Amino acid sequence: KKYKVWYGWTVLAALITILQATYQIAFDSVGSLHKYTDPSAILEYILAFTLAFDMLVTFNLAYYDDDSELVRDKKTIAKNYLKLMFWIDLVGVFPFY
């Protein structure tokens, strides 16, 4: 149940990140960094932290393999995550400014 709540929060954070990035591209000055006290910057840092923390959660999250067996070995989980999804998540968290 806790993971379902976390998953819902990360989906919401990703959607807000998409909307915020679109807004910044359309209306903010190019290349400008917001002050730490700016509400937009605070939201951006919270969202980035959430998505980065989700990467740590995913490194430890059991999954079902092709044979429908639950994989709990942390080394195997990390290898599976590093094959593809880690790189997609890293690009999503990396700040492009």
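Here, the structure is the one placed above.
The paragraphs below set out a description of the structure included in this document. (Residues numbered from 1 in each chain as written. Predicted model: local features only at pLDDT ≥ 70, side-chain atom pairs only at ≥ 80, totals over all residues. Heavy atoms only, no water.)

So, on to the packing of helix 3 (residues 74-83) against helix 4 (residues 85-93). Relative to each other, helix 3 and helix 4 sit at 60°, their axes nearing to 4 Å. When the axis of helix 3 is compared with that of helix 4, the two are oblique. Facing Tyr81, Leu82 and Lys83 of helix 3, the residues of helix 4 in contact are Met85, Phe86, Trp87 and Asp89. (Axes fitted to C-alpha atoms, helices over the stretch in contact; angles between N-to-C directions. Helix = DSSP H or I, 4+ residues; strand = E, 2+ residues; numbered from the N terminus. Parallel < 35°, antiparallel > 145°, perpendicular 65-115°, else oblique. Contact = heavy atoms within 4.5 Å.)

For the rest of this paragraph, the subject is the side chain of Thr50. Along the polypeptide, Thr50 turns up in helix 2 (residues 39-59). Overall, the relative accessible area of 5% leaves Thr50 in the buried class. A distance of 3.2 Å separates polar atoms of two side chains, one belonging to Thr50 and the other to Trp9. Ignoring anything within four residues of it in the chain, the contact list for Thr50 reads Trp6, Trp9, Thr10 and Ala13. (Buried < 20%, exposed > 50% of the residue type's maximum accessible area, 1.4 Å probe, protein only. Polar contact = N/O pair within 3.5 Å; in protein donor to acceptor, adjacent residues only side chain to side chain.)

A contiguous nonpolar surface patch, about 480 Å² in accessible area, is contributed by Tyr3, Tyr7, Val11, Leu15 and Ile18. Tracing the backbone through its elements, the reader meets Tyr7 in helix 1 (residues 2-27). Taking relative accessible area as the criterion, Tyr7 reaches 48% and is therefore assigned partly exposed. (Patch = residues over 30% accessible without salt bridge, like charges linked within 9 Å, V, L, I, M, F, W, Y side chains within 5 Å. Areas by Shrake-Rupley, 256 points an atom, 1.4 Å probe, with all protein chains shown as cover. Salt bridge = Lys/Arg side-chain N within 4 Å of Asp/Glu carboxyl O.)

So, on to unusual backbone geometry. With a phi angle near 65°, Ser68 is a residue other than glycine that sits in the positive phi range. You can see Ser68 is positioned in the loop between strand 1 (63-64) and strand 2 (70-71).

Moving on to the packing of helix 1 against helix 2. For the pair helix 1 and helix 2, interaxial distance at closest approach is 9 Å and the crossing angle is 135°. By the angle class used here, helix 1 and helix 2 are oblique. Classified by chirality, the crossing of helix 2 by helix 1 is left-handed. From helix 1, Tyr3, Trp6, Trp9, Thr10, Ala13, Ala14, Ile16, Thr17, Gln20 and Gln24 reach across to helix 2, where they touch Ser40, Leu43, Glu44, Leu47, Thr50, Leu51, Phe53, Asp54 and Val57. Class assignment for the residues of the contact of helix 1 with helix 2 results in eleven nonpolar, six polar and two charged. (Left-handed = near helix turned anticlockwise from the far one by under 90°. Nonpolar A, V, L, I, M, F, W, Y, C, P; charged D, E, K, R; others polar.)

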